[in-house]
Amino acid sequence: SPVLSMFRVSGHVPSVLRVRDFRRFLIAVSLSQIGTQGTLVAILYHVYQLSGSLIEVGLVGAGRASGILLLTPLGGHMADRYRRLRVLQVSQGVSLVASAVLAVTSLLGTVGVPLIIAMTALNSAAATFENPNRKAIVPALVPPRETVQAFAITNVSSDVGTLVGPVLSGLIIG
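Residues numbered from 1 in each chain as written. Predicted model: local features only at pLDDT ≥ 70, side-chain atom pairs only at ≥ 80, totals over all residues. Heavy atoms only, no water.

Engineer: How would you sum up the overall build of the protein chain? Please name residues and give values.
Structural biologist: In terms of regular secondary structure, the protein chain is built from 6 helices and 0 strands. Counting from the amino terminus, the protein chain carries its helices and strands in the arrangement α-α-α-α-α-α. Along the first, second and third principal axes, the C-alpha atoms of the protein chain reach 50 × 40 × 25 Å. The buried share of the protein chain, taken over its 174 residues, is 34%. Taking the contacts inside the protein chain whose residues are at least 6 apart along the sequence as the reference set, 76% of them involve residues at least 24 apart. (Helix = DSSP H or I, 4+ residues; strand = E, 2+ residues; numbered from the N terminus. Buried < 20%, exposed > 50% of the residue type's maximum accessible area, 1.4 Å probe, protein only. Contact = heavy atoms within 4.5 Å.)

See the structure below:
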């Protein structure tokens, strides 16, 4: 596995990475974070290219923040009350639809800044339901004695994705 080989260089493989389901989860979370952060950079660049307005770029950030600020408590509540896998599937589906709308309208040349703001807000709203559910799944993937290590590695991988995503996006936009 690529994840295990990365740690073999140092001679120490954290025991939690020997758990196949956790490794798969970690890879998925890492790639998702890279994609999410890279997409945000591309969206901000796209808005600036469309409008030439830094105010409108800022409105995208405000749209993104609105979903997070308004729905985070509800996302945590749903993580405790409903089937986690189903909540994850629905939130990923909503995110997929929002991203597809942006992709299609961009390719057709019909996208506008208000639509980008709305779809960015919808994507962040979906993330407020996904994040607590994703975190709640970790203990089910690893033995109890490895939960702390699993959370630590997951957090580091998310941080790496936050750094790598924008860099890759910048290189692609270029």
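Engineer: For the pattern of salt bridges, give the residues involved together with the corresponding values.
Structural biologist: Under the defined criterion, the tally for this structure stands at 2 salt bridges. Here R20 makes a salt bridge to D21, at a shortest N to O gap of 3.3 Å. (Salt bridge = Lys/Arg side-chain N within 4 Å of Asp/Glu carboxyl O.)

Engineer: I'd like to hear about helix 2 (residues 20-51), residue by residue, with values.
Structural biologist: Over its 32 residues, helix 2 runs 47 Å from end to end, which matches the ideal 46 Å to within 8%, given 1.5 Å per residue. Of all the positions in helix 2, only F22, R23, F25, L26, V29, S30, Q33, Q37, G38, L40, I43 and V47 are classed as buried. One or two steps after helix 2, the chain reaches G52, where phi turns positive at roughly 70°. (Expected span 1.5 Å × (residues − 1).)

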